[in-house]
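Chain and residue survey
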Amino acid sequence: MAGLAAAASAAPVASLSGSRFTPVAAPAVRLRTQACGLRCWVAAKLKLRKALKRHGWQLQRNPDDPENDKIHDYLEAASLAEKRTNRNTHLAYDSGGEMACTSSDILDNSTVQKNLMHQAANPSETHSPVQEEESALSNGHSNSEPSLCIAVIGATGELARSKVFPALFALYYSGFLPRSVGIFGYSRKKITDEDLRSIIEANLTCRVDHHENCDDKLNEFLKRTYYIDAGHDNKDGMARLNSRMTQIEGTRAANRIFYFAVPQEALLDVALPLADSCQTKQGWNRIIIEKPFGFTGLSSHRVTQSLLSRFEEKQIYRIDHLLGKDLIENLTVLRFSNLVFEPLWSRTYIRNVQVIFSEETATEIQGRYFGNYGIIRDIVHSHILQTIALFAMEPPVSLDGEDIRDEKVKVLRSIRQVDLEDVVLGQLKDTSGKVDRYTKSMTPTYFAAAMYIDNARWDGVPFLIKTGMGLMKNRAEIRIQFRHVPGNIYRERFGHDIDLDTNELVLRDQPEEAILLKVNNKVPGLGLQLDASELNLLYRDRYDTEVPDSYEHLLLDVLDGDSHLFMRSDELAAAWNVLAPIIHEIDQNRVAPELYEAGGRGPINAYYLAAKHGVRWDDDW
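Sequence order sets the numbering: in each chain, residues are counted from 1 along the sequence as written. Local features are withheld for residues below a pLDDT of 70 in this predicted model, meaning they are given only at 70 or higher, and side-chain atom pairs are given and counted only at 80 or more; totals for whole chains, interfaces and linings count all residues. Side-chain numbers here rest on the full set of heavy atoms in the structure, without hydrogens or water.

- If you look the chain up in an unreviewed UniProt entry, it shows as Glucose-6-phosphate 1-dehydrogenase from Urochloa decumbens.
- UniProt positions are given in the numbering used here, feature names are shortened, and annotations may be inferred rather than shown by experiment. Comment text from UniProt for the chain, heading Sequence similarities (unreviewed entry), reads "Belongs to the glucose-6-phosphate dehydrogenase family."
- UniProt lists a comment for the chain under the heading Function (unreviewed entry), and it reads "Catalyzes the rate-limiting step of the oxidative pentose-phosphate pathway, which represents a route for the dissimilation of carbohydrates besides glycolysis."

Below, the structure written as structure tokens:
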């Protein structure tokens, strides 16, 4: 049965509605059956059925043969596997290479059926995936499942250790990575495979709700993890990485993902040799680049042009982990799938929009923020502007990633140039006693601004953004304030504060995931007194499920080829066109940021800015 990588290639491009599917192959079902018996087998069968239906394949069940139900499911899966293999023979991949397909690549259907019937009758007979891989390599035999190799460049860094490798293991543990996957770490440290496995293992945990067979899965994952010493020449290092990947892949069709967990300054040093020496010719290649995306608009443009000289646009995934939150996905789901909201999504009914993101901790300040990048380049450029673009875009013609990105870039190009008078900068006070060390820097750790989108839908509606580090709480939300009811006959019942009768819709990711709708209602009792109440949808109460980490979400999107949450090159340039003039003006005028205390609400000038544009920040900050 083809694994996830083959399904991602054969299926249409993943959409915003989520082309999530669990690649349950016959060996995977066999492993789960041994681990947890009939209950897990039933769950695996249901996942298989959902995955096949999602891609347009229907299972036809024989109602006259209920006794052979389980074997029948295996035979159906085998038949579908053969069809998918034949269809993949002439499939073109992202890298432009051709898929190698020989007679050994296509499994004989009768052999598959015979093996699957035997597995159905003897579910306890299993083999470790590592043994099966070694056997396939030693015999020089290739099966119909394209292999997948994932390389983490900068494997010994904090980002790779704490985020990337744990996310990859979570996907592997949950069955979203094929069993033939190979995980590679690439760095200049002189360590061995076992050293890397020890580093990774110290940061890996199993899901709270998935404890079955955890140790076995962990051992499988670590055995599929390898280390490549980059040395002092990335050209030679990438050649060694390619050789090791080829050894694991054998003669099968091969897909590769490269995650650049390296500083921006080192990006081209590893990306260009990789493009020349480490791309597979038998499948697709995709690269993942971490924010911030450049220091200035010019430097970002140069990096983009260098990348596009070696890679195609569809191979490049610029990742911002904050965009992997359910809050971002809910922006478009709530709007485009609910008639009650879509007609209200314009200047006619919306008075202002607030995008708020704050972090309580300030662990990165000494490095990134008090270095050179600052919060504008790191948070505002990607996360905040992408959030506004997804919120304000016109309905795309489809849920295809390119159609969505077409609409996002239109919004970014319509944002009016920001005036310096509509910006508030802040910098966290140093609490270690080394004030002189930090106050010499002008790099902001807090940013608030009023932005306007000059198009027919949003003309005159202020978009107030506020983001900062070291504030009183972790908070991420989008707050939509609607206009007052014209001629409201109940206005006097609210007292002197007319803002109390304003309806609000709040999409919140932190401190707890929720969708809140503020409405007016009568207070119970005698008389007619009105009050504003919230209709709450708290995710923890409604959905009894664990929320995956945002890195898991986005890595799975890359695997599926779903690009809608990743910035395209023209989006990147449009975002720099919004921020570059204001950054230049701040630097030219040497605007000093307002100092604020750790654990506080941030600069007081942010409240004056909101009042200037007729907006009142939420008091919960």
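**A word on the overall build of the chain**
- Helix numbers and strand numbers start at the N terminus; a helix is a DSSP run of H or I with at least 4 residues, a strand a run of E with at least 2. Helix and strand content of the chain: 20 helices and 15 strands.
- Burial classification: accessible surface area is computed with a 1.4 Å probe over protein chains only, and a residue below 20% of its type maximum counts as buried, one above 50% as exposed, and the rest as partly exposed. Each of the 621 residues in the chain was classed as buried or not, and the buried ones make up 54%.
- The contact criterion used is simple: two residues touch if any of their non-hydrogen atoms lie within 4.5 Å. Relative to all contacts within the chain whose residues are 6 or more apart in sequence, the contacts with residues 24 or more apart total 77%.
- In short, Shrake-Rupley with a 1.4 Å probe defines the accessible areas, and a residue's cover is counted only from the protein chains shown. As displayed, the chain has an accessible area near 27400 Å², and 51% of this comes from carbon and sulfur atoms.

**Things to note about the pairing of strand β9 (residues 446-452)**
- With respect to burial, β9 is a largely interior element, seven of its seven residues being buried.
- Alternating residues of β9 divide into Tyr446, Ala448, Ala450 and Tyr452 and Phe447, Ala449 and Met451, and every residue in both groups is buried.
- Bridging between strand β8 (residues 423-428) and β9 involves four bridges; their strand directions are antiparallel. Looking at β9, one finds that Val424 is bridged to Ala448.
- Following DSSP output, two strands are said to pair if at least two bridges run between them. The sheet contact formed by β9 and strand β10 (residues 462-469) spans seven bridges and is antiparallel. Bridge pairing links Ala449 to Ile465 in β10.

**Here's the deal with the environment of Asp403**
- Residue position: Asp403 is located in helix α15 (residues 401-414).
- In sequence terms Asp403 and His564 are 161 residues apart; their C-alpha atoms lie 8.3 Å from each other.
- For Asp403, the contacting residues outside a window of four places in its chain are Pro396, Val397 and Ser398.
- N or O atoms closer than or at 3.5 Å make up a polar contact, with two conditions inside protein: a donor-capable atom paired with an acceptor-capable one, and, for residues adjacent in sequence, both atoms drawn from side chains. A polar contact of 2.4 Å, which involves the side chain of Asp403, links it to the side chain of Ser398.

**Things to note about the pattern of salt bridges**
- The term salt bridge refers to a side-chain nitrogen of Lys or Arg lying within 4 Å of a carboxyl oxygen of Asp or Glu. Taken as a whole and judged by the stated rule, the model has 24 salt bridges.
- Taking the shortest distance from any N to any O, the salt bridge between Lys190 and Asp229 comes out at 3.5 Å. Within this pair, whereas Lys190 is found in the loop between β2 (182-187) and α7 (193-201), its partner Asp229 is found in strand β3 (residues 225-229), the two being separated by 39 residues in sequence.
- Since its relative accessible area comes to 69%, Lys190 is described here as exposed.
- Relative accessible area serves as the criterion here: at 22%, Asp229 is assigned to the partly exposed category.
- Glu477 serves as the salt-bridge partner of Arg475, at 2.5 Å between the closest nitrogen and oxygen.
- Among the ionic contacts, a cluster of salt bridges with common partners joins Glu402, Arg405, Asp406, Arg568 and Asp570.

**Re the side chain of Thr467**
- Within the fold, Thr467 resides in strand β10.
- Among the residues examined, Thr467 registers a relative accessible area of 1% and is labelled buried.

**Section: the packing of aromatic side chains**
- Ring pairs shown here join Phe, Tyr and Trp side chains whose ring centres sit within 6.5 Å, with only the six-membered ring taken for Trp; geometry is labelled stacked below 30 degrees between planes, edge-to-face above 60, and tilted in between. Following the criterion strictly, the structure yields eleven aromatic pairs and no others.
- Ring centres of Phe169 and Phe221 lie 5.3 Å apart, and the angle between their planes is 65 degrees; on these two criteria the pair is classed as edge-to-face. Here the residue Phe169 occupies a position in helix α6 (residues 158-173), and Phe221 occupies one in helix α8 (residues 214-223), the gap between them amounting to 52 residues.
- Judged by centre distance (5.9 Å) and plane angle (75 degrees), the ring pair of Phe295 and Tyr373 falls under edge-to-face. Placement of the pair is Phe295 in the loop between β5 (285-290) and α11 (297-308) and Tyr373 in the loop between α13 (365-369) and α14 (374-392), with a sequence separation of 78 residues.

**Quick notes on unusual backbone geometry**
- Note that the residue after Lys291, namely Pro292, is joined by a cis bond; omega there is 0 degrees.
- Inspection of the secondary structure assignment puts Pro292 in the loop between β5 and α11.
- Residue Pro511 is bonded to the preceding Gln510 through a cis peptide linkage, with omega at 10 degrees.
- Along the polypeptide, Pro511 turns up in the loop between β12 (504-510) and β13 (514-522).
- Here Arg590, not a glycine, exhibits a phi torsion of approximately 45 degrees, which is positive.
- For Arg590, the position within the fold is in the loop between α19 (569-589) and β15 (594-596).

**Topic: the nonpolar core**
- For the purposes of this section, nonpolar cores are sets of buried Ala, Val, Leu, Ile, Met, Phe, Trp, Tyr and Cys residues that join through side-chain atoms within 4.5 Å. In this structure, Leu241, Phe260, Phe391, Met451 and Phe463 are the most contacted members of the largest nonpolar core, which totals 126 residues.
- Examining the composition of this core, we find that eleven residues originate from one element, α14, more than from any other.
- When residues no more than four places from it in sequence are discounted, the contact partners of Phe391 are Leu331, Arg335, Trp345, Ile350, Val353, Trp458, Phe463, Ile478 and Ile480.
- Listed in part, the 14 residues of the second largest apolar core include Leu428, Tyr446, Leu471 and Ala610.

**Structural notes on the packing of helix α10 (residues 267-277) against α11**
- Running from amino to carboxyl end, α10 crosses α11 at an angle of 15 degrees, the nearest separation of the two axes being 10 Å. Taken together, the axis directions place α10 and α11 in an arrangement best described as roughly parallel. In this structure, the crossing between α10 and α11 has a hand that is left-handed. Residues Leu267, Leu268, Ala271 and Leu272 of α10 touch α11, and the partners they reach there are Val303, Ser306 and Leu307.
- All amino acids are sorted into three groups, where Ala, Val, Leu, Ile, Met, Phe, Trp, Tyr, Cys and Pro are nonpolar, Asp, Glu, Lys and Arg are charged, and the leftover types, Gly among them, are polar. A class-by-class count of the residues in the contact of α10 with α11 yields six nonpolar, one polar and no charged. Axis definition: a line fitted to C-alpha atoms, limited for helices to the stretch in contact. Angles are taken between N-to-C directions and run from 0 to 180 degrees. Throughout, the term roughly parallel applies to angles under 35 degrees, roughly antiparallel to angles over 145, roughly perpendicular to angles from 65 to 115, and oblique to all others. Left-handed describes a crossing whose near helix is turned anticlockwise from the far helix by less than a right angle; the clockwise case is right-handed.

**Quick look at a nonpolar patch on the surface**
- Patch membership requires over 30% relative accessible area and the absence of a salt bridge. Like charges are linked within 9 Å, and nonpolar side chains (Val, Leu, Ile, Met, Phe, Trp, Tyr) within 5 Å. A contiguous nonpolar surface patch, about 310 Å² in accessible area, is contributed by Ile489, Tyr490 and Leu528.
- Structurally, Leu528 can be placed in the loop between β13 and β14 (530-538).

**Notes on the environment of Arg413**
- Mapped onto the elements of the fold, Arg413 is located in helix α15.
- Arg413 gets classed as exposed once you look at its relative accessible area, which sits at 59%.
- With 24 residues separating them in the primary sequence, Arg413 and Ala389 have C-alpha atoms 9.8 Å apart.
- If near-sequence neighbours (up to four positions away) are discounted, Arg413 is found in contact with Asp570 and Ala574.

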